[in-house]
Amino acid sequence: MSRYLVFDWGGTFMKYALMNEEADILEKGKVKSPGKKDTVESFFAVIDGIVEKYPGIDGIAISSPGIINSTQGVIDVVGVFPYLQKLPLTQMFQERYGVPASVENDGKAAALAEVWKGNLSDVRDGAVFLIGTSIGGGIVLDGKLRRGKDFFAGEYSSMCVNIASPASTSSYVAQLGTSGLIEKVMGYMELDEKIDGEQAFAYINAGEPNALKALKKYTDDLALTIFSINVLLDVEKVVIGGGISQQPLLLEYLKQSIQDIRTYHPDFLGGIQLPLPQVDTCRFYNDANLIGALYHFLYETAE
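Residues numbered from 1 in each chain as written. Predicted model: local features only at pLDDT ≥ 70, side-chain atom pairs only at ≥ 80, totals over all residues. Heavy atoms only, no water.

### What about the layout of surface pockets?
Next, step 1: Roughly 1,500 Å³ of internal volume is contained in the largest pocket.
Next, step 2: Lining the largest pocket are 47 residues, and of these Asp 106, Ile 131, Gly 132, Thr 133 and Ser 134 lie nearest its centre.
Next, step 3: Contributions of two or more residues to the lining of the largest pocket are made by β1 (4–9), β2 (13–19), α3 (106–117), β8 (126–131), β9 (135–141), α4 (178–189), α5 (197–205) and α9 (288–300).
Next, step 4: No other element matches the four residues that α5 contributes to the lining of the largest pocket.
Next, step 5: Across the lining of the largest pocket, the residue classes tally to 21 nonpolar, 21 polar and five charged. (1 Å grid on protein atoms, 1.4 Å probe; cavity = no way out; pocket = protein on both sides within 12 Å on 5 of 7 lines; lining within 4 Å. Points joined across faces, edges and corners; volume = space filled by probe spheres on them. Helix = DSSP H or I, 4+ residues; strand = E, 2+ residues; numbered from the N terminus. Nonpolar A, V, L, I, M, F, W, Y, C, P; charged D, E, K, R; others polar.)

Below you can see the structure in the form of structure tokens.
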């Protein structure tokens with residue numbers, strides 16, 4: 001049975017897994033990611049230490065932040081490692097380690113995982129909306145991931161949702177990341193000390209009234225964004241991912257917020273019954289990028 005070394009690069013940790021062609025994880029681990037001020041040489045020193053643990057692998061698949069030309073294996077717009085921008089990464093990995101390699105954007109990798117074995121495997125048209133530090137994801141049309149001519153499709157963070165203030169960072173979908181929810185919880189609860197996402201959901205799951213109000217405001221904003229995406233694409237299903245999506249109350253509130261669009265949208269108020277998006281969570285959480293990166297390696301790089 002073939003074995004593949006799959007990476008999921010992030011700003012904090014570099015996750016890796018030894019996987020077979022069925023996406024079974026045989027072994028996995030993580031190391032601290034190289035810093036933004038490191039060099040290409042120090043970056044590859046970290047990779048070397050991981051690859052050396054797995055002699056005889058049949059290929060290397062990579063999930064990485066950034067706008068990535070996955071055909072050429074180049075990070076066109078940098079994600080977390082500035083020194084990798086515009087480098088022929090696929091070629092460099094193949095020459096350095098002597099096996100085939102591929103690289104894909106992390107949000108698109110997560111979408112591929114859902115298409116392959118997840119909650120989009122039964123639909124022709126769908127979208128993945130990943131909530132992390134920022135917002136990423138992917139668009140699936142006719143059963144295939146849509147990348148676009150610049151590999152920019154599905155980069156929701158750059159969408160402006162308040163055209164009256166286009167110069168404000170709060171006017172963009174990126175503000176719906178986990179930090180956006182945390183800020184809302186802190187504001188509604190009038191907290192002075194900074195909290196993290198885990199603490200925010202501790203308040204939410206404890207039923208703290210103001211924390212629940214903050215969650216509702218957050219899911220209202222999220223629902224309207226997903227509705228707008230659906231206006232463009234009219235998909236069968238939108239699945240949300242990222243660590244935050246594992247919180248049951250998020251999906252519950254989001255579904256209600258989507259139904260609440262009927263109460264204020266001018267078309268609904270005027271008697272026009274527009275279709276509302278169907279939402280669910282992704283099937284895969286922390287392993288989604290690994291699974292999708294392997295899919296890209298196995299089934300798309302050979303096309």
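Still more ground to cover, so stick around.
### Some points on the sheet that holds β8
Next, step 1: Here we have five strands laid out as an open sheet, ordered β10-β9-β8-β11-β12, and mixed in their pairing. The sheet terminates laterally at β10 (144–146) and β12 (279–281), the two strands that pair on one side only. The average undirected angle you get between the axes of adjacent strands in this sheet is 30°.
Next, step 2: By the bridge criterion, five bridges tie β8 to strand β11 (residues 237–241) in an arrangement that is parallel. When the bridges of β11 are listed, Gly 126 appears paired with Lys 237. (Pairing = 2+ DSSP bridges. Axes fitted to C-alpha atoms, helices over the stretch in contact; angles between N-to-C directions.)

### A word on the sheet that holds β2
Next, step 1: Across the sheet, which stays open at both edges, the five strands sit in the order β3-β2-β1-β4-β7 with mixed pairing between neighbours. Edge positions in the sheet fall to β3 (25–32) and β7 (101–105), since each has one partner strand and no second. Going across the sheet, the axis of each strand differs from the next one's by a mean of 15°, ignoring polarity.
Next, step 2: The strands touched by α3 are β4 (60–64) and β7; relative to β7, the strand with the most contacts, the crossing angle is about 100°.
Next, step 3: Where α9 meets the sheet, it contacts β1, β2, β4 and β7, and its direction lies at approximately 130° from that of β1. (Contact = heavy atoms within 4.5 Å.)

### Digging into the nonpolar core
Next, step 1: Among the nonpolar cores identified, the biggest contains 43 residues, and Phe 129, Val 185 and Ile 204 are the most heavily contacted of them.
Next, step 2: Looking at this core, the element that brings in the most residues is helix α6 (residues 209–233), giving ten residues.
Next, step 3: When near neighbours in sequence (up to four residues on either side) are disregarded, Phe 129 contacts Ile 135, Gly 136, Tyr 156, Val 173, Leu 222, Thr 225, Ile 226, Ile 229, Val 238, Val 239, Ile 240 and Gly 241. (Core = buried A, V, L, I, M, F, W, Y, C linked by side-chain atoms within 4.5 Å. Buried < 20%, exposed > 50% of the residue type's maximum accessible area, 1.4 Å probe, protein only.)

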